[in-house]
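So you can see what is in the structure, the chains are spelled out below.
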Amino acid sequence: MPDLPHETPKILALHLQISQYPILARAIRQQMREELFSRGIINPTALEQEAHVKAIDSQYREGLSNPYFEEDEHTWEQRLLHMRDTLTDFYFAYNLPVSLFHGIVQRLVGERGARPTADVRLTFNPELAPVDLLLRQVRLYEALPESERAKVGHHLEEITVVLIRTIISDQLNFVRVAKAWFTVDDFEAIRAARIGTGKIGGKAAGMLLAWKILQQAAPELAAQVDLPRSYFVGANVFYDFKALNQLEHNQKYKSPEQIRAEYPTLVEDHLRARFPEEVADRLREILTEVGHTPLIVRSSSLLEDNFGTSFAGKYASYFCPNQGTIKENLRDLTTAIRRIYASVYNPDVLTYRRRMGLLDYDERMAILLQAVQGEPHGRYFFPDLAGVAFSQSSIVWSPRLRREEGVVRLVLGLGTRAVDRVAEDYPRLVYLSHPQLRPEKSAEAMEHYSQHQVDAIDLERNTLVTVPVRDALDLTYPALRWVASIKDPEAETLFPLKSLGPQVTPDRLVLTFDNLLQRTDFVPLMKRMLTTLARHYEQPVDVEFAATLRPDGPDGVGRPRLELHLLQCRPQSALRADKVAPLPLDLPAADKLFFTNRMVPQGEVRGVRYILYVDPALYRQVPSQAERVALARLVGLVNKALEGRPFILMGPGRWGSSNALLGVPVSYADIFNARALVELSVGPEGLAPDPSYGTHFFQDLVESHIYSLALATTEAPAAPQENVEFLNWDFLRQAADRLAAVLPEAAPVPCLKLIDVPAERLGQSLDILMDGEKALAFFVGPA
């Protein structure tokens, strides 16, 4: 005779569903008993005897010493009926499928015309209930008339919160916003597209929340926006994968040196590991469903895209061109997932988590699988547009630009070129308050600061490639007139592309997106989307997107129809907008270190003691890639040694560039203790690096409150002039190298110098003031 666990999920589920049909409850249980009897699970006599015994046991538990005489007949019959029904539910729940129960209910409802009624009481604890039970209860509540629904609103909100935390994300700031938007249909759709169990993680959560907000708050806008076809590998699969392959690594509490040294071995261990059979089977089914549509495999960790900690660029995304056999495509897909799983132990990731106070959090990794947005153009597959959009700009280059209207980092092709730091290539930076305003004045400068390479999927070679614009586009490209201008070498100007004649050749095309910004609804659409999302997130957001331009009219020359594909949405990280004291611009030249008015944020850095300086001319003489990478690791050692002591970095080109010829190839783990990062462009042409506003590297700086500044100068010392960029070369060249005092074990490197400001300036330190338009670094204190 079994004990009756009164709160088991299966029994609770049956209790709840039967309670929805009070008129039919007796008939439903009678049908359930007939099924039990006919299948030989228990016979009527045994059921009745067991109910009788348990009814008497319940009397004793209530303190009745002589139950036959201390309880009237009616009370006894009710007690016996309760035990009979409870045993019916118990045997049915643990021996027969729930589909059989649903068939009984549907048959009786159809015969008698009954409809469910709602009991406003919640008779179970949602925190302990199974998801199926929660979903059925939410569907019941959502189906109520408005007057009845108001009575259960508090229950509906509680269950919705539990479902969000169980299926989507348990980050409380996310839950606070999301609970107003998700419905039972959304939860069931997620479960249908999910592989395995567990949450779908931060990246998937943000994308879905943004889509729900647009659908409900701006339906006419949502008509121009869609989501890619998406699947989710639940976060619990990460633990199943580790357990199956005995990959129980605990790296996060080890030293940074040990983490970095062991990471390559961990990656290899993951690449040799296998997936649970049911996961591999479902991935194989997905590949069959999507055919040869290219896929992107994206991380969606539990901490990712959270309020204040975006983890931007910490975990890689991998494109799977998907042009091989099912076996080959499955190999590529599972390899990509393995690499993302291994990246949980990446030194940059663990350093970031330590820096953000998240080291003790359980970081399970979910996976977001998406169809790549785009279309074939010859052998290449890519979208017409892609990029990242910010609802607020913390950096502007002109007082005419309104920060609160946002900025877009726009490219043609895959969006990787918009979010990664790439060599000698520039997306179009579109300030939405003045989309046609740009800092470059000459056609030569506009061409230089334009996109020259396109990231695309090569369908013939089955791989991701970077190709010149002239190879990716030809004159048959449908969106050509909307993304390109044509240069006139004789007039030294750029003209919008209005027609295609013999004078239009690929080598004369420059990607300006001028017609797109002037003659389509791209700008108003982006502004409306960002404003809507930021209002309901209750803070600025950043959004990754792709877009398709559908030619309109019989000849394809009309205004194109814009289809926006929403790929990601998260709260936007922002630098502290401190009120800044007036800049002391009238200081003597010797008391200034630098001045710039190029893409300046707002804030201040006080009391800087050290300057880690990489000499641009000497860096150019470093002979090999390996030596430049070694220099980056040395910067990382200095960064660790100076923890707690204010310092800034100054060096050539782009810090963190993937091309070491253009800048020191540091990672986040090498620079996270710095207070500011200054990028120097040295040359007669006066072209300065942009601070890569909107890239993942820039997001790292913002979240760590590291100010990024760009400065263009020549190598010859010059006296400061009003509102003209200036660098104090004399100080940098004459200052002594104090690296050995901080890092005795480090061998001297000719191009690197650690400057101790108080030692050079008789006890002074360095301050940097940034007012949003100008930045001045100057020496202060005793002298």
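My aim in this report is to walk through the structure given alongside it, one point at a time. All values reported here derive from a predicted model rather than from experimental measurement.

Focus: the side chain of Asn639
The topology assignment puts Asn639 in helix α26 (residues 625-641). Overall, Asn639 belongs to the buried group, its relative accessible area being 1%. Sequence-distant contacts of Asn639, that is, excluding residues within four places in its chain, are made with Phe647, Ala669, Asp670, Ile671, Phe672, Asn673 and Ala674.

Let's talk about the sheet that holds strand β25 (residues 726-727)
As summarised here, the arrangement of the five strands in space is β20-β27-β28-β19-β25, forming an open sheet in which the pairing is antiparallel. At either end of the open sheet lies a strand with only one pairing partner, and these are β20 (602-608) and β25. Sheet topology note: the strand β19 (residues 592-596)/strand β28 (residues 775-780) ladder contains four bridges and is antiparallel. Each bridged residue has a counterpart across the sheet, and for Phe594 the counterpart in β28 is Ala777.

Observations regarding the packing of aromatic side chains
Within the structure shown, the criterion is met by 13 aromatic pairs. Relative to Tyr341, the ring of Phe241 has its centre 5.1 Å away and its plane inclined at 55 degrees; by these criteria the two rings are tilted. Of this pair, Phe241 sits in helix α14 (residues 236-244) while Tyr341 sits in helix α17 (residues 326-342), and the two are 100 residues apart along the sequence. Tyr341 gets classed as buried once you look at its relative accessible area, which sits at 0%. Where Phe522 meets Phe545, the ring centres are 6.3 Å apart and the plane angle is 50 degrees; that geometry is what we call tilted. One end of the pair, Phe522, is in helix α24 (residues 522-537); the other, Phe545, is in strand β17 (residues 541-552), and 23 residues separate them in sequence. With respect to burial, Phe522 and Phe545 carry one shared label: buried. Joined through ring pairs, the aromatic side chains of Phe238, Tyr239, Phe241, Phe275 and Tyr341 make up one cluster. The aromatic ring of Tyr619 is capped on one face by Arg628, whose charged end is 5.7 Å from the ring centroid.

Examining the nonpolar core
One finds Ile168, Leu385 and Phe522 to be the most contacted residues of the largest nonpolar core, which totals 92 residues. Top element by residues in this core is helix α12 (residues 201-217). It accounts for nine residues. For Phe522, the residues in contact, after removing those within four places along its chain, are Leu385, Val408, Leu410, Leu516, Leu517, Phe545 and Leu562. Formed by 34 residues, the second largest nonpolar core is a distinct cluster that contains Ile195, Phe241, Cys320 and Leu330.

Some words on the environment of Phe92
Inspection of the secondary structure assignment puts Phe92 in helix α5 (residues 73-95). Residue Phe92 is classed as buried on the basis of its relative accessible area, which comes to 1%. Each C-alpha atom of the pair Phe92 and Met32 lies 7.0 Å from the other, and the pair is 60 residues apart in sequence.

Re the packing of helix α7 (residues 131-142) against helix α9 (residues 153-168)
For the pair α7 and α9, the least separation of the axes is 10 Å and the interaxial angle reads 140 degrees. Taken as axis vectors, α7 and α9 run oblique relative to one another. The handedness of the crossing between α7 and α9 comes out as left-handed. Within the contact between the two elements, α7 uses Val131, Leu134, Leu135, Gln137, Val138, Tyr141 and Glu142 and α9 uses His155, Leu156, Ile159, Val162, Leu163, Thr166 and Ile167.

The rules behind each value
Residues numbered from 1 in each chain as written. Predicted model: local features only at pLDDT ≥ 70, side-chain atom pairs only at ≥ 80, totals over all residues. Heavy atoms only, no water. Helix = DSSP H or I, 4+ residues; strand = E, 2+ residues; numbered from the N terminus. Buried < 20%, exposed > 50% of the residue type's maximum accessible area, 1.4 Å probe, protein only. Contact = heavy atoms within 4.5 Å. Pairing = 2+ DSSP bridges. Phe/Tyr/Trp six-rings, centres within 6.5 Å; stacked < 30°, edge-to-face > 60°. Lys NZ or Arg CZ within 6 Å of the ring centre and 35° of its normal. Core = buried A, V, L, I, M, F, W, Y, C linked by side-chain atoms within 4.5 Å. Axes fitted to C-alpha atoms, helices over the stretch in contact; angles between N-to-C directions. Parallel < 35°, antiparallel > 145°, perpendicular 65-115°, else oblique. Left-handed = near helix turned anticlockwise from the far one by under 90°.

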